[in-house]
Amino acid sequence: MPTLADTFPEFVKTREPLAPYTHLKIGGPAEFFAQPRTVDELARLLRHCTANQLPVRMLGGGYNLLVRDDPVTGVVVRLHGPSFSFVETAPNGVRCGGGTPMFDLLAHAVKAGLGGLETLVGIRGTVGGSVRCNVGDKNGEIGACVRRVVVLHDDGSEHARGKDQLTFGEHKSDLTEPVILSVEFDLQPQPPAALLKRMRRAWVTRKAAEPLSFQSAVRMFRNPPGQDASRLIDKAGLSRYRVGGAEVSERNANYAVAHPGTTARDILKLLDVVASHVKDFCGVELKRELNVW
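Residues take numbers from 1 onward in each chain, read along the sequence in its written order. Residues qualify for local features only when their pLDDT is at least 70, as the model is predicted, and side-chain atom pairs are given and counted only at 80 or more; totals for whole chains, interfaces and linings, by contrast, use all residues. Side-chain measures were taken over the full set of non-hydrogen atoms in the model, leaving aside hydrogen atoms and water.

> A description of the overall build of the chain should follow, citing residues and the corresponding values.
Only DSSP runs of H or I with at least four residues qualify as helices, and only runs of E with at least two residues qualify as strands; both kinds are numbered from the N terminus onward. The number of helices and strands found in the chain is seven helices and 21 strands. Dimensions of the chain, computed from C-alpha atoms along their principal axes, come out at roughly 55 × 50 × 30 Å. Across the 293 residues of the chain, 48% fall into the buried class. Any two residues whose heavy atoms approach within 4.5 Å at even a single point are treated as in contact. Pairs at least 24 apart in sequence give 65% of the contacts found in the chain among residues at least 6 apart. Exposure was quantified through the Shrake-Rupley algorithm and a 1.4 Å probe, taking into account, for residues, occlusion by the shown protein chains and nothing else. Element-wise, carbon and sulfur atoms account for 51% of the exposed surface of the chain, whose accessible area totals about 14,400 Å². Only four residue types enter the charge count: Lys and Arg as positive, Asp and Glu as negative, with His and the chain ends excluded. Here the site of a charge means NZ on Lys, CZ on Arg, CG on Asp, or CD on Glu. The distance from the centre of the 37 positive side-chain charges to the centre of the 32 negative ones in the chain is 5 Å. Relative accessible area decides the class of each residue, using a 1.4 Å probe on protein chains only: under 20% of the type maximum gives buried, over 50% gives exposed, and in between gives partly exposed.

> Lay out the sheet that holds strand β3 (residues 56-59) with the relevant residues and their values.
The strand order across the open sheet built from four strands is β1-β2-β5-β3, with neighbouring strands paired in mixed fashion. In the strand order of this sheet, the two ends are held by β1 (12-17) and β3, each with one partner. The average angle at which neighbouring strand axes cross in this sheet is 35°, direction not considered. One bridge is not enough; two strands pair if DSSP finds at least two bridges between them. Note that β1 and strand β2 (residues 29-34) share five bridges and pair antiparallel. Looking at β2, one finds that Thr-14 is bridged to Phe-32. The axes used here are C-alpha line fits, helices contributing only the stretch in contact, and every angle between their N-to-C directions lies in the interval 0 to 180 degrees. Packed on one face of the sheet, helix α2 (residues 39-51) meets β2, β3 and β5 (72-78) and runs near 160° to β5.

> Mind laying out the state of the cysteines, listing which residues take part and the relevant values?
For this text, the term disulfide refers to a pair of cysteine sulfurs within 2.5 Å. In this structure the tally under the stated criterion is zero disulfides. Considering cysteine sulfurs only, Cys-96 is the nearest to Cys-145, which forms no disulfide, with 12 Å between them.

> How would you summarise the pattern of salt bridges if you had to cite specific residues and measurements?
Salt bridges are identified by distance alone: a Lys or Arg side-chain nitrogen within 4 Å of an Asp or Glu carboxyl oxygen. In this structure the tally under the stated criterion is 15 salt bridges. The shortest N-O distance in the salt bridge between Asp-69 and Arg-265 comes to 2.8 Å. Highlighted residues: Asp-69 in the loop between β4 (65-66) and β5 and Arg-265 in helix α7 (residues 264-282), separated in sequence by 196 residues. With a relative accessible area of 51%, Arg-265 lands in the exposed category.

> With reference to specific residues and values, describe the side chain of Thr-262.
Among the structural elements, Thr-262 can be located in the loop between β20 (255-258) and α7. Overall, Thr-262 belongs to the buried group, its relative accessible area being 10%. Polar contacts, as used here, are pairs of N or O atoms within 3.5 Å; protein pairs need one atom able to donate a hydrogen and one able to accept it. Residues neighboring in sequence count only if both atoms are side-chain atoms. A distance of 2.8 Å separates a polar side-chain atom of Thr-262 from the backbone oxygen of Gly-245. A polar contact of 2.5 Å, which involves the side chain of Thr-262, links it to the backbone oxygen of His-259. Setting aside its immediate chain neighbours within four residues, Thr-262 contacts Ile-26, Gly-245, Ala-246 and Ile-267.

> Explain the layout of surface pockets residue by residue, including any values.
With a 1 Å grid spanning the protein atoms alone, the term cavity applies to any set of points in which a 1.4 Å probe fits but cannot get out, the term pocket to an open set with protein on both sides within 12 Å along at least five of seven lines, and the term lining residue to any residue with an atom within 4 Å of a point. Grid points are joined across faces, edges and corners, and a volume is the space filled by probe spheres set on the points. In this structure, the second largest pocket occupies an estimated 600 Å³ of space. Around the second largest pocket, the lining comprises 32 residues; the ones closest to its centre are Tyr-63, Pro-101, Met-102, Phe-103 and Gly-125. When contributions to the lining of the second largest pocket are tallied by element, the ones reaching two or more residues are α3 (102-111) and α5 (192-208). Across the lining of the second largest pocket, the residue classes break down as 16 nonpolar, eleven polar and five charged. All amino acids are sorted into three groups, where Ala, Val, Leu, Ile, Met, Phe, Trp, Tyr, Cys and Pro are nonpolar, Asp, Glu, Lys and Arg are charged, and the leftover types, Gly among them, are polar.

Shown next, in the form of structure tokens:
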């Protein structure tokens, strides 16, 4: 029986290491790794996987992701290239592909004098993943600017969802479709100089609350309602606590820093220890923000 790589040899590989595609540079290989070049190729891939009951995982920028050390079964799909990572000015806003890096979106909007997204500077990843998770903070969330999202279903069909068909919450949305193909943002004309000034201020604030830029680190837990996860972890006495190569950041205790040689098991063990100690010392149950495959 032909494998997925036999069926789609132009854009599917077998046992492709996933570590290079993630921020932590950790993780085992994918059973199948697909990088479709067009929306049509992606639609055909999804239809085939659905018909053959092959599990599909979408790989975005790999910033909020930990891939286990063992092989990942099924198909890992990475949207890369012009069909998925474009950005263009649209009437009253910007339209971009789901695979577009957040940096490219923000740079384009500010240069075009369109405001609303500039306080998200420093948030890494792709637009699709950022919208699905409704990234942001007290200064604003990306969902507030979303006008329209085009998604792709398991059967390869496209569907557009307008603002009145979307629900955004704190670090979440009701976008459950496998693929976000494109997003339109409703933005307001503002002087580029004012936007750039606001962007720089947001950048300084965000970077001051994160590990050092040269460190590979990921945010571990969601903030409990009305509380701050990093303060709870500090209160439990876990600043700089270490398991193997994984360490609680001294700059922000809600980040796990992956030193050279760190394994996925190290980070998972660190998360378990931190969650257990916070529950014992503070009586609060932390919910994982890090996506684990």
